[in-house]
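# Coordinates in review
Okay, here's what each chain looks like letter by letter:
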Amino acid sequence: MTDETRRGLPAPPPLGAAALPPGTYAGQVVLVTGGGTGLGKAIAAEFARLGADLVIASRRAEQLEAAREELAAVPGAGRVRTAVCDIRDPERVAEVFDASQAELGLPDVLVNNAAANFPSPAEDLSPNAWRAVVDITLTGTWFMTREFGRRHLAAGTPGSIVNIGASYAWTGGPGFAHSAAAKAGVKNLVETLAVEWGPYGIQINGLVPGLFPHADMTGDIRDGLERAAPGAGDGRQPALRVGAPRELGWAATFLASPYARFVTGHTLVVDGANWQRRALVNPEVVPVREQLGRGPFGGGS
């Protein structure tokens, strides 16, 4: 294949385009954790564009207020409310649902986007580091999901959950043992609860992002993006491009919509087939410690 024939996947429609009919979420309440920044905010924006009332939750009040103003200005948006919430605290989670239910109504859609992550050789992870990532990514997701499910079961109403996952839930994640284990648990919740709660009208799906540039990326993700982007040399993704955050938002709005009611227990990967890429001859193995610039392991705790 010559350079002249390498075009990659086409660019998406422009920002502001909608994948579903206008007003698809009018009169519905959508709760997005980690909705104050990054991909969570991008997902919330697409629900807002389709008429949803939003509750965006995060641990940082200053980020939430800035996001609230931005999301309220999205054409078609309903009401936008914020909630300072550490999803590791089940009592605070219940309070967020109480407040939403009192002011806007019981959330019809829950997007579990909040997570924690950082790269580390597995042997260097302290007990606190392990707990911090697993408690936010898996346990916090469970607390949010449990509260949502119990309230809809009690009310006898349908609902939709979208869990943001990661492809290393299938493949393993060298350098991210804590996050990979947690995301595998998140994926399993999708598959388990789809069966348990389907009879009561509650659907649950997963959504896995690839590389999507945004202003709130952490340094390790930004480094990976720079290596993966076409401008970094030979184009390291089959799509020959990275994703636009709105593409993830479009996928989320579809999975939670009336047009996907028979889709449940599924995890959709939106990454231009990057996670399925394999070389005909595997590259030389470079241990994670070396990739991260760590010296030899010295033992200790």
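Below is a summary of the structure that appears in this document. Source: prediction; values computed, not measured.

## Things to note about the overall build of the protein
- Scanning the protein for helices and strands turns up nine helices and seven strands.
- At 20 Å, the protein has a C-alpha radius of gyration in line with the 19 Å of a compact globule built from 301 residues.
- For the protein, the spread of C-alpha atoms along the principal axes amounts to about 55 × 55 × 40 Å.
- Of the contacts made within the protein by residues no fewer than 6 positions apart, 77% connect residues no fewer than 24 positions apart.
- For the protein, the accessible area works out to roughly 14,800 Å², and carbon and sulfur atoms hold 54% of it.
- Treating the 27 positive side-chain charges of the protein as one cloud and the 30 negative ones as another, the clouds have centres 2 Å apart.

## Comments concerning the environment of Glu290
- In this fold, Glu290 is placed in helix 9 (residues 288-291).
- Through-space distance from the C-alpha of Glu290 to that of Pro121 is 9.5 Å; in sequence the pair is 169 residues apart.

## Regarding the sheet that holds strand 4 (residues 109-112)
- Strand order in the open sheet formed by seven strands is 3-2-1-4-5-6-7, and the pairing between neighbours is parallel. The open sheet has two edge strands, strand 3 (80-84) and strand 7 (267-270), and neither has a second partner. Across the sheet, the axes of successive neighbouring strands diverge by a mean angle of 20°, strand direction being ignored.
- In the sheet, strand 1 (residues 29-33) pairs with strand 2 (residues 53-58) via five bridges, with the strands oriented parallel. Bridge pairing in strand 2 links Thr33 to Ala57.
- Of the strands in this sheet, strand 1, strand 2 and strand 3 are in contact with helix 3 (residues 90-103), which crosses strand 3 at around 160°.

## Some thoughts on helix 2 (residues 61-72)
- Between its first and last C-alpha atoms helix 2 spans 16 Å; for 12 residues at 1.5 Å apiece the expected length is 16 Å, and the two agree.
- Of all the residues in helix 2, the buried ones are Leu64, Ala67 and Leu71. Along the axis of helix 2, the buried residues cluster in a sector spanning 70°; they form a single face.
- The secondary structure elements touched by the buried residues of helix 2 are helix 1 (38-49), strand 2 and strand 3.

## Some thoughts on unusual backbone geometry
- Positive phi, close to 60°, is recorded for Leu240, a residue that is not glycine.
- Tracing the backbone through its elements, the reader meets Leu240 in the loop between helix 7 (219-228) and helix 8 (245-255).

## A closer look at the nonpolar core
- Counting residues in each nonpolar core, the largest one holds 31 residues, and the members touching the most others are Tyr25, Val30, Phe47, Leu54, Val111 and Leu207.
- Only strand 1, helix 1, strand 2, helix 2, strand 4, strand 5 (159-164) and helix 8 provide two or more residues apiece to this core.
- Val93, Leu104, Leu110 and Trp197 belong to the second-largest nonpolar core, a separate cluster that totals 27 residues.

## A word on the environment of Glu284
- For Glu284, the position within the fold is in the loop between strand 7 and helix 9.
- Expressed as a C-alpha distance, the spacing of Glu284 and Glu69, which sit 215 residues apart in the sequence, is 49 Å.

## Some details on the packing of aromatic side chains
- A full pass over the atoms with the stated rule returns three aromatic pairs.
- Here Trp170 and Trp275 contribute two aromatic rings whose centre-to-centre distance is 4.9 Å and whose plane-to-plane angle is 25°, an arrangement assigned as stacked. Of this pair, Trp170 sits in helix 5 (residues 168-171) while Trp275 sits in the loop between strand 7 and helix 9, and the two are 105 residues apart along the sequence.
- By relative accessible area, which is 35% here, Trp170 ends up partly exposed.

Rules used in this analysis
Residues numbered from 1 in each chain as written. Predicted model: local features only at pLDDT ≥ 70, side-chain atom pairs only at ≥ 80, totals over all residues. Heavy atoms only, no water. Helix = DSSP H or I, 4+ residues; strand = E, 2+ residues; numbered from the N terminus. Rg over C-alpha atoms; globule rule 2.2 N^0.38 Å. Contact = heavy atoms within 4.5 Å. Areas by Shrake-Rupley, 256 points an atom, 1.4 Å probe, with all protein chains shown as cover. Lys, Arg positive; Asp, Glu negative; His and termini not counted. Charge placed at Lys NZ, Arg CZ, Asp CG, Glu CD. Pairing = 2+ DSSP bridges. Axes fitted to C-alpha atoms, helices over the stretch in contact; angles between N-to-C directions. Expected span 1.5 Å × (residues − 1). Buried < 20%, exposed > 50% of the residue type's maximum accessible area, 1.4 Å probe, protein only. Arc of directions from axis to C-beta. Core = buried A, V, L, I, M, F, W, Y, C linked by side-chain atoms within 4.5 Å. Phe/Tyr/Trp six-rings, centres within 6.5 Å; stacked < 30°, edge-to-face > 60°.

Functional significance is not addressed by these values, which are geometric in nature.
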